[in-house]
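Structural features, examined
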Amino acid sequence: MIDVVNAWKSYKSGTRTVDALRGIHCHIDRGRFAFIVGPSGSGKSTLLYMLGAVDRPTQGEIFVDGENLVAMSEAAQNVYRREKIGFIFQSFNLINNLTAVENVLIPFLPRGVTAQQRADAAELLTRVGLGDRLDHRPYQLSGGEQQRVAIARALVKKPLVVLADEPTGELDSKTGDEIYKILRSLQEAYHTTLVVVTHDRRFINPHDLVLEIQDGQLVGGPNGSPASSEV
Ligand code: ADP
Ligand code: ADP
């Protein structure tokens, strides 16, 4: 469902050019739990944000659900991000003066929230274990609870793909375990395709897809080598 074909990304900084991605080829099936791993600065976030059409590759094609993200207009990319992608960030990115349920409803605010959407938001928060915290504000919640709100927000519009950038980077390891447990249970319930950037391989299961990047290239070619997929 996701096909990356010979993707390159170069950044110019001053007189220097940094090749963040150097000819990435990969395929991610629908419903897959995929990890992008590799050292700091290897291009993980760059690849993730290309999948979300946050930025375009300098060269190459990216197909998601049959659409070529590279050929899309800016307007079409905005629609794609809004309708098909759920983002989860390291630092949660919740709005402090909104309640948990209001934060989950953020994706719907521009067009007005329906009763069904409100019910979906409450149900999702209950699923992530926050059924008794619907009206708490972020500052009244722990870091792990805030990330659970952010997960519910990413999923409420039933996205095709959820992209997560170091979702447990600011959490202790026990809370991190809980977050991955929740991500897996939601993925199984909704058959969402999940792509997660992490440098913590502890959370990878044997049947997950592992895309290992080093210096802008996938280790072992398309979808990594079998050796790189071992936990
Ligand atoms: P992390 O991967 O730790 O989350 P970032 O993705 O923000 O950190 O940045 C990774 C690297 O990219 C850092 O070395 C940072 O200095 C560099 N970087 C990020 N944004 C820019 C930018 N706009 N210009 C130059 N370098 C950048
Ligand atoms: P990772 O997520 O693996 O830490 P990144 O994708 O953030 O790596 O960065 C890959 C490379 O691209 C790094 O050398 C980084 O410094 C560079 N880079 C990332 N974003 C920018 C940017 N906006 N401008 C210039 N260089 C960048």
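Refer to the preceding data block for the structure.
Residues numbered from 1 in each chain as written. Chains lettered and ligands numbered in written order. Predicted model: local features only at pLDDT ≥ 70, side-chain atom pairs only at ≥ 80, totals over all residues. Heavy atoms only, no water.

Side note on the side chain of threonine 99
Note on placement: threonine 99 falls in the loop between strand S6 (85–88) and helix H3 (100–104). When residues no more than four places from it in sequence are discounted, the contact partners of threonine 99 are Leu134, Asp135, His136 and Arg137. (Helix = DSSP H or I, 4+ residues; strand = E, 2+ residues; numbered from the N terminus. Contact = heavy atoms within 4.5 Å.)

Remarks on the layout of surface pockets
The calculated volume of the largest pocket comes to roughly 260 Å³. Lining the largest pocket, in full, are Asn78, Arg81, Arg82, Ile85, Gly86, Phe87, Phe89, Ile106, Pro107, Arg153, Ala154 and Lys157. The set of elements that each furnish at least two residues to the lining of the largest pocket consists of helix H2 (74–84), S6 and helix H5 (143–155). Class assignment for the residues of the lining of the largest pocket results in six nonpolar, two polar and four charged. Size it by volume and the second largest pocket reaches roughly 210 Å³. Together, Arg82, Glu83, Pro107, Phe108, Pro110, Arg111, Gly112, Gln117 and Lys157 line the second largest pocket. When its residues are assigned to classes, the lining of the second largest pocket shows three nonpolar, two polar and four charged. (1 Å grid on protein atoms, 1.4 Å probe; cavity = no way out; pocket = protein on both sides within 12 Å on 5 of 7 lines; lining within 4 Å. Points joined across faces, edges and corners; volume = space filled by probe spheres on them. Nonpolar A, V, L, I, M, F, W, Y, C, P; charged D, E, K, R; others polar.)

Let's talk about the sheet that holds strand S1 (residues 2–13)
Sheet strands associate in pairs through backbone hydrogen bonding, adopting either a parallel or an antiparallel arrangement. Here we have four strands laid out as an open sheet, ordered S2-S1-S4-S5, and antiparallel in their pairing. Looking at the sheet topology across the chains shown, the edges are occupied by strand S2 (16–28) and strand S5 (67–68). Note: S1 against S2, 10 bridges, orientation antiparallel. Each bridged residue has a counterpart across the sheet, and for alanine 7 the counterpart in S2 is isoleucine 24. (Pairing = 2+ DSSP bridges.)

Examining the environment of alanine 76
Inspection of the secondary structure puts alanine 76 in helix H2. Alanine 76 sits 63 residues away from serine 13 along the chain, and the two C-alpha atoms are 28 Å apart.

Quick notes on the site of ligand 2
Near ligand 2, the surroundings consist of Tyr11, Val18, Ala20, Pro39, Ser40, Gly41, Ser42, Gly43, Lys44, Ser45 and Thr46. Bound to the protein, ligand 2 loses 61% of the 560 Å² it would expose on its own. Elements with a contribution of two residues or more to the shell around ligand 2: S2 and helix H1 (44–51). Taken together, the residues that form the shell around ligand 2 break down as four nonpolar, six polar and one charged. (Near = heavy atom within 4 Å. Areas by Shrake-Rupley, 256 points an atom, 1.4 Å probe, with all protein chains shown as cover.)

A closer look at the sheet that holds strand S3 (residues 33–37)
As summarised here, the arrangement of the six strands in space is S6-S7-S8-S3-S9-S10, forming an open sheet in which the pairing is mixed. For this open sheet the edge positions go to S6 and strand S10 (217–218), each flanked by a neighbour on one side alone. Strand direction decides the pairing type here: strand S9 (residues 209–214) and S10, joined by two bridges, are antiparallel. Each residue of the ladder has a partner; that of isoleucine 213, found in S10, is leucine 218. Lying on the sheet, H2 is in contact with S6 and strand S7 (161–165); it crosses S6 at an angle near 75 degrees. Along the sheet, helix H6 (residues 173–190) makes contact with S3, S6 and strand S8 (193–197), crossing S3 at roughly 140 degrees. (Axes fitted to C-alpha atoms, helices over the stretch in contact; angles between N-to-C directions.)

Let's talk about the packing of aromatic side chains
Tallying each qualifying case throughout the model produces five aromatic pairs. Geometrically, the ring pair formed by phenylalanine 87 and phenylalanine 89 is stacked, given 6.1 Å between the ring centres and 15 degrees between the ring planes. Judged by relative accessible area, which is 17%, phenylalanine 87 ranks as buried. Cluster of aromatic residues (ring-pair linked, three or more members): Phe33, Phe35, Tyr180 and Phe203. Just above the ring of phenylalanine 33 sits the side chain of arginine 184; from NZ or CZ to the centre is 4.3 Å. (Phe/Tyr/Trp six-rings, centres within 6.5 Å; stacked < 30°, edge-to-face > 60°. Buried < 20%, exposed > 50% of the residue type's maximum accessible area, 1.4 Å probe, protein only. Lys NZ or Arg CZ within 6 Å of the ring centre and 35° of its normal.)

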